[in-house]
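Next come the chains, spelled out residue by residue.
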Amino acid sequence: MGNNLCVTVKTIRKGSTKESSTSPTLNLDTIVENYVPPHHIKPAPVYTCTICCDSRPVYDTFSPEGCNHYYCTKCTLKYIVSKLQSNELKPGCPEAGCTGRLGPEFCKPMLPPFVLGWWERALCEAVIPDKDKLYCPFKDCSTLLSNDASNGTVTRASCCPHCKRNICVQCRAPWHAEISCDKFQKLRDKNDDLMLDLAKRRKWRRCPNCKHYVEKKQGCDDMLCSHGLTFQVRL
């Protein structure tokens, strides 16, 4: 401010109309110079994301565990999803050579519930050997079950703990009480041949994980299975 502007404050005594002879003087230049705005209207510090190169507020950035690299939350989320689609369940920091880590528990505050659940389920599935993986055969369920026969016992009938329907563990199919497993599998082999022929004619693709068929209607060639695996459906 160019001029040293001052204000004289009048001190009025109760019951008197006379001004005090010792009126204090306030220097507006000093007030303005030393003014500190409330915290909630302070401009937030910004940080440049090294992935998208956009400047983002610090509260909209995220740093992997164990390193000092920062990325905007949107780029971090896209990076995590791309790794999960590639079945990389323990991604590291995007910076080459960095030992920073990303995990579902550490990233939980910035993850959408769907991505968090998908990541946690994929990690749970990863600890089960492929030979012991068993999915509920009902398409509206498809819950992952564990067919653990390490104790030497062979289980035939079981109940899905999620949908509460009976399944045949040996045939990996809905329970068939009226026919034996051998007869059921022979019938299924015939149906499988018909299904393979239909899938070939309609150009369906089969998930290598859960074996369910999918049909591409539109979009890119990457298909994300409900169990978290990404595979190609190129026609």
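Structure first, text after, so check above.
Figured I'd write up the structure that's included with this text.

Conventions and cut-offs
- Residues numbered from 1 in each chain as written.
- Predicted model: local features only at pLDDT ≥ 70, side-chain atom pairs only at ≥ 80, totals over all residues.
- Heavy atoms only, no water.
- Phe/Tyr/Trp six-rings, centres within 6.5 Å; stacked < 30°, edge-to-face > 60°.
- Helix = DSSP H or I, 4+ residues; strand = E, 2+ residues; numbered from the N terminus.
- Buried < 20%, exposed > 50% of the residue type's maximum accessible area, 1.4 Å probe, protein only.
- Polar contact = N/O pair within 3.5 Å; in protein donor to acceptor, adjacent residues only side chain to side chain.
- Expected span 1.5 Å × (residues − 1).
- Contact = heavy atoms within 4.5 Å.
- Axes fitted to C-alpha atoms, helices over the stretch in contact; angles between N-to-C directions.
- Left-handed = near helix turned anticlockwise from the far one by under 90°.
- Nonpolar A, V, L, I, M, F, W, Y, C, P; charged D, E, K, R; others polar.
- Pairing = 2+ DSSP bridges.
- Core = buried A, V, L, I, M, F, W, Y, C linked by side-chain atoms within 4.5 Å.
- Salt bridge = Lys/Arg side-chain N within 4 Å of Asp/Glu carboxyl O.

**Remarks on the packing of aromatic side chains**
Inference 1: Applying the stated criterion to the full structure yields three aromatic pairs.
Inference 2: With a centroid separation of 5.7 Å and an interplanar angle of 65°, the aromatic rings of phenylalanine 62 and phenylalanine 106 are classed as edge-to-face. Highlighted residues: phenylalanine 62 in strand S5 (residues 61-62) and phenylalanine 106 in helix H3 (residues 104-107), separated in sequence by 44 residues.
Inference 3: Classification of phenylalanine 106 by relative accessible area gives partly exposed; the value is 33%.

**With respect to the environment of leucine 84**
Inference 1: With respect to the element layout, leucine 84 can be found in helix H2 (residues 73-85).
Inference 2: Taking the relative accessible area as the measure of exposure, leucine 84 reaches 1% and is therefore buried.
Inference 3: For the pair leucine 84 and threonine 230, spaced 146 residues apart in sequence, the C-alpha separation works out to 8.4 Å.

**Examining the side chain of serine 63**
Inference 1: Within the fold, serine 63 resides in the loop between S5 and strand S6 (71-72).
Inference 2: Note on serine 63: relative accessible area 13%, which makes it buried.
Inference 3: Polar side-chain contacts of serine 63 include one of 3.1 Å to the backbone oxygen of cysteine 67.
Inference 4: Within the local environment of serine 63, its side chain forms a polar contact with the backbone oxygen of histidine 69, the two atoms lying 2.9 Å apart.

**Structural notes on helix H4 (residues 113-126)**
Inference 1: The end-to-end C-alpha separation of H4 is 20 Å, in line with the 20 Å expected for 14 residues at 1.5 Å each.
Inference 2: Contacts from the buried residues of H4 go to H2, H3, strand S7 (133-135), strand S8 (144-146) and strand S14 (222-224).

**So, the packing of H2 against H4**
Inference 1: H4 packs onto H2 with a crossing angle of 35° between their chain directions and a minimal axis gap of 11 Å. As H2 runs across H4, the sense of the crossing is left-handed. Where H2 abuts H4, its residues Leu77, Ile80, Val81, Leu84 and Gln85 lie against Val115, Trp118 and Trp119.
Inference 2: A breakdown of the residues in the contact of H2 with H4 according to their chemical character gives seven nonpolar, one polar and no charged.

**Describing the sheet that holds strand S10 (residues 166-168)**
Inference 1: On the basis of which strands lie adjacent, the open sheet formed by three strands has the order S9-S10-S11 and antiparallel pairing. Edge positions in the sheet fall to strand S9 (157-159) and strand S11 (173-174), since each of these pairs with one other strand and no more.
Inference 2: Here S9 runs beside S10; their pairing, made up of three bridges, is antiparallel. From the neighbouring strand, cysteine 159 faces S10, where its bridge partner is asparagine 166.

**Observations concerning the nonpolar core**
Inside soluble globular proteins, nonpolar side chains tend to come together where they are buried.
Inference 1: The biggest cluster of nonpolar side chains holds 14 residues, and the ones touching the most others in it are Ile80, Leu84, Leu102, Cys107, Met110, Leu111 and Trp119.
Inference 2: When residues of this core are assigned to their parent elements, the largest contribution, five residues, is made by H4.
Inference 3: Ignoring anything within four residues of it in the chain, the contact list for cysteine 107 reads Phe62, Ile80, Leu102 and Trp119.
Inference 4: One finds Leu134, Cys141, Cys160 and Val169 within the second-largest nonpolar core, a separate group that totals eight residues.

**Describing unusual backbone geometry**
Inference 1: With a phi angle near 65°, cysteine 53 is a residue other than glycine that sits in the positive phi range.
Inference 2: Considering the arrangement of structural elements, one finds cysteine 53 in the loop between strand S3 (46-48) and strand S4 (55-57).
Inference 3: Look at cysteine 53 and you get exposed, because its relative accessible area is 57%.
Inference 4: The residue asparagine 87 is not glycine, and still its phi comes out positive at about 65°.
Inference 5: Summarising the element assignment, asparagine 87 is placed in the loop between H2 and H3.

**Examining the environment of lysine 90**
Inference 1: Its location among the elements puts lysine 90 in the loop between H2 and H3.
Inference 2: Given the relative accessible area of 76%, lysine 90 is considered exposed.

**Quick word on the pattern of salt bridges**
It is possible for side chains bearing opposite charge to pair when their charged atoms get close.
Inference 1: This model, assessed by the stated rule, comprises four salt bridges.
Inference 2: One salt bridge in this structure joins lysine 83 and glutamate 88, with 3.4 Å as the shortest N-O distance.
Inference 3: Glutamate 88 sits in the partly exposed class, given a relative accessible area of 37%.
Inference 4: The residue aspartate 140 makes a salt bridge to arginine 165 at a minimum N-O spacing of 2.6 Å. Placement of aspartate 140 in the loop between S7 and S8 and of arginine 165 in the loop between S9 and S10 is noted, with a sequence separation of 25 residues between them.
Inference 5: Taking the relative accessible area as the measure of exposure, aspartate 140 reaches 63% and is therefore exposed.

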